[in-house]
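Each chain, letter by letter, is given below.
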Amino acid sequence: MEELQDFTEEKESNFDLKAEIFKYLAYWKWLVLGFLIGGLLAFLYNRYTIPQFRTEASMMILNEEKSNMANALPSGGGSILTFDDNSLDNQIITLKSKRLVEKVVEELNHNISYFIEGNVITTEAYKDSPIRIQFISPDSLVQKTSRTLFVTPISDTGFILNDRANGYEKNHTIGEIIDLDGLKFSIVPQTGGGESIFKKTRTVQINIRPVDQVAGDYISGLVIVPKGKAADILSLSIIKAESKKSEDFLNNLMFQFNSDGVIDKRQVALSTTEFIQDRLGIITSELDSVEGGMANFKRENKFMDVSSGAQEFLAKSSQAEQQVFDIETQLMIIRSVENLLDSRDSYELLPSNIGAEGGLSGFMSTYNALVLERNAYLRNATTKNPAVELITSQLNSLKENLRDNIDSQKRSLNIQLNELNQLDRSSQSKFSSFPGMEKGMRGIERQQQIKEQLYLFLLQRREEAAIAFAVTGPVAKVIDPAYTIPSAVDPKPWLILAGGFLIGLLLPLLILFGKFMLDTKVHHKGDLAPLIKNIPFLGEIPRINEGLEETIQLNDRSPLAESFRILRTNLAYLLKPKSENKGEIIYVTSTIKGEGKTFISYNLARTLATTKKKVVIVGADIRNPKLHKYMDVPRDSKGLSDFLYNYELSSNDIISKSIDKDIEVDIVLSGSIPPNPAELFMSDRMKSLLEELSSNYDFVVVDTAPTMIVTDTLLISPLADTTLYVTRAGYTEKKLLEFPKELKQQGKLKGLAIILNDVDYSKFSYGAKYGYSYGYGYGYGVDEESRLKKIWNKAKKKSS
């Protein structure tokens, strides 16, 4: 037994682009078929698909200065005529609002569509329908109805009305009122069409859809974006099959948007006017109340003006103070005179011109005159003088009168002084209350001014609102009315055609890719790469097409014969020279049955025999013998199992001589199927048989049992010189390749080499990594002739 080996695998890329390409090209017929079918389907799609066209329009959202006469108003009209937020985003939302789109659909009756049925497709007749439907039922019912009606003319005035969804089908006439589940309508010819034209019309399909559904379809397909870098221009576009219908929709949408904007502005102006009028009534009432309050305030405080009233009371206070000063001066003078009268006993002159007022000054003047007269008498007379006494008496009397007068003057001045002090205090009190009155007055005046300004402001705004209502301009300007781009958006013929061809080509490629990815079988030499890095690879055996010979013949130049010749050549390099004069013992085995080991064994033996070597083939697969098929002998003929069991038999009793004189190969059949094959192989009879055969033959080819299924081959493996391990393309699982590797690593098989059987070279390129095409050689015509001859001979043989 061979020594254990350590397999160290180096990872490397086994990808071969050329081989991969030719692997797919092996199915070129399917690729071409898919390519053509894809192109045909794309052509039919282009031919019968209704083209879709893009319809576009653009509009400018106007600023208020551009849309009305606001700048002619006193305040510019900004607060009356301008919306708070006029951004493009808001306008886009408004344009795509369900309310506005439903209004357009109702206006254009786009919830009702007419279609003409053709041979293959049905096309819409937007304004070219030969008939139209007139509803008698109210719009509220029609706009919620969902029906599909078919009108088929049968005469100049008659038609068949079909409602397939509800199973309705009856004959009617033009103009007849039809009641279909509460929906009343009539069918009439299109304006300008005659009854004769109506008769020739094909079936017309009338689709009635709810307005909200149609609006939803338009909203989903409507695209509104800012145009370029402009801050006020919107681009509107929609893609539909009927371009005229799209143009009408966009034009009407812009019209309704503008009309709604104008109505909204006028509503704002009207609401503003009503509001201002109400406020004017309230402000007028409040202004009257403020002015009445001011009059009452003045009346209660007895003044017309705060500043003049303050000046008046200030003057009174000053005047009172001056009078108090004068009176107090008079009192001082009178008290001085009184003190003087009291302090002097003699008759002396009193001061004069001291500012005494009233009768006191006269009394003092009289008193002084009498004193002067008395003094004059005293210079010449005594006090006893009658004249002096008389004057003295007069002076005493006058002094009493003077005292009385002083007392009277004092009382009078004190009364005046009290009155003036009270007047002064009153004036001071009034003057100190004027700041409060001024504050109150200013508050009343402030309210009056506010009400007056608000009143004037509202009057101005009322006029502005009236002007705004009269001169309201559009909110948007149509730059480009709706127009349709001539080239269809969908389908794009060349793109669809190219895509069809491409998909038609890719689909079979993907199927093949999936097939290859899910394929776990061995197909070529490349699939054996992990195995043959450490185990010799002898060669590939091509697949034999049906009707060709399965065994090689003398001078055979078929690919099968050439492959076995290559196998024989490679085997010669593998065989080791022997010191004894013995033949080579070659085992042929496989992992499982069905991989072609018996086929390889028989043809390899015949190939070796063509070199004039003595060759014997031994059928060692005694559990499932197959070798007898190539000899046309019964399966239970004596063979190896009989020899191993019956010790009386010799090797000559089981060797069948070749009946083919061109290629002589002796055969030892498997014999009867024994109940204990393993025990038979463990006897020395097998070893002695092989030694005897190797002594008599140059090559002993042993067709053994599969190694994974039974243990027979492993029991006799030490007797072999070389073991040929057969794998089959399209049959052997890749995961089974680990098994021979393990056997090699464990040294259970001697001189192990790999053969790949049943390779389909039609799937690979010539000279590729995975194998070679064996159709080369000399005399191509002879090769073809011999092949045909072989087929003919085989057919004759079967018929006989």
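Residues numbered from 1 in each chain as written. Predicted model: local features only at pLDDT ≥ 70, side-chain atom pairs only at ≥ 80, totals over all residues. Heavy atoms only, no water.

(A) The packing of helix α6 (residues 98–108) against helix α9 (residues 211–221), seen in detail. Interhelical geometry of α6 versus α9 gives an angle of 115° and a closest axis separation of 9 Å. When the axis of α6 is compared with that of α9, the two are roughly perpendicular. Crossing hand, α6 versus α9: right-handed. Where α6 approaches α9, its residues Lys98, Val101, Glu102, Val105 and Glu106 are matched on the opposing element by Val211, Asp212, Val214, Ala215, Tyr218 and Ile219. Grouping the constituent residues of the contact of α6 with α9 by class yields seven nonpolar, no polar and four charged. (Axes fitted to C-alpha atoms, helices over the stretch in contact; angles between N-to-C directions. Helix = DSSP H or I, 4+ residues; strand = E, 2+ residues; numbered from the N terminus. Parallel < 35°, antiparallel > 145°, perpendicular 65-115°, else oblique. Left-handed = near helix turned anticlockwise from the far one by under 90°. Contact = heavy atoms within 4.5 Å. Nonpolar A, V, L, I, M, F, W, Y, C, P; charged D, E, K, R; others polar.)

(B) Seen up close, the side chain of Asp260. Inspection of the secondary structure puts Asp260 in helix α10 (residues 243–301). Accessibility expressed as a relative area gives 10% for Asp260, which makes it buried. (Buried < 20%, exposed > 50% of the residue type's maximum accessible area, 1.4 Å probe, protein only.)

(C) Region of interest: the packing of aromatic side chains. Considering all chains together, one arrives at seven aromatic pairs under this definition. Measuring from centroid to centroid gives 4.0 Å for Tyr218 and Phe249, while their planes differ by 10°, and the two rings are stacked. Note that Tyr218 is positioned in helix α9 and Phe249 in helix α10, a separation of 31 residues in sequence. In terms of burial, Tyr218 and Phe249 fall into one category: buried. Consider the rings of Tyr602 and Tyr630, whose centres lie 4.5 Å apart with planes at 20°: the pair is stacked. In this pair, Tyr602 is assigned in helix α17 (residues 597–609) and Tyr630 in the loop between β16 (615–619) and α18 (640–645), connecting sequence segments 28 residues apart. Among the residues examined, Tyr602 registers a relative accessible area of 8% and is labelled buried. Grouping aromatic residues by their ring pairs yields a cluster made of Tyr24, Tyr27 and Phe516. Over the aromatic face of Phe150 sits the side chain of Arg164, whose NZ or CZ is 3.7 Å from the ring centroid. The aromatic ring of Tyr697 is capped on one face by Lys614, whose charged end is 5.1 Å from the ring centroid. (Phe/Tyr/Trp six-rings, centres within 6.5 Å; stacked < 30°, edge-to-face > 60°. Lys NZ or Arg CZ within 6 Å of the ring centre and 35° of its normal.)

(D) Layout of unusual backbone geometry. The omega torsion across Asp490 and Pro491 is -5°, close enough to zero to call that bond cis. With respect to the secondary-structure elements, Pro491 resides in the loop between β13 (476–484) and α14 (493–518). The backbone of Asn109 shows a phi angle near 55°, a positive value even though the residue is not glycine. By the element assignment, Asn109 lies in the loop between α6 and β2 (112–117).

(E) Highlighting the pairing of β2. Sheet topology places β2 next to strand β10 (residues 204–208); five bridges connect them, and they run antiparallel. Bridge pairing in β10 links Ser113 to Asn207. Adjacent in sequence and paired antiparallel, β2 and strand β3 (residues 122–124) are bridged by four residues. (Pairing = 2+ DSSP bridges.)

(F) Molecular detail of the sheet that holds strand β12 (residues 233–240). Strand order across the open sheet formed by four strands is β11-β12-β1-β13, with antiparallel pairing between neighbours. One side of each edge strand has no neighbouring strand; the edge strands of this open sheet are β11 (223–226) and β13. Along the sheet, successive strands turn relative to each other by an average axial angle of 20°, direction set aside. By the bridge criterion, six bridges tie strand β1 (residues 53–61) to β13 in an arrangement that is antiparallel. Paired with Met60 across the bridge in β13 is Lys477. Helix α5 (residues 88–95) contacts β1, β11 and β12 of the sheet and is inclined by roughly 30° relative to β12. Set on the sheet, α9 makes contact with β11 and β12; between it and β12 the angle comes to about 120°.

(G) Structural view of the layout of surface pockets. There is about 560 Å³ of room inside the second largest pocket. Taken together, 25 residues line the second largest pocket, and the ones lying closest to its centre are Glu550, Gly596, Phe599, Tyr630 and Arg728. For the lining of the second largest pocket, the leading source of residues is α17, giving three residues. Per-class residue counts for the lining of the second largest pocket are six nonpolar, seven polar and 12 charged. (1 Å grid on protein atoms, 1.4 Å probe; cavity = no way out; pocket = protein on both sides within 12 Å on 5 of 7 lines; lining within 4 Å. Points joined across faces, edges and corners; volume = space filled by probe spheres on them.)

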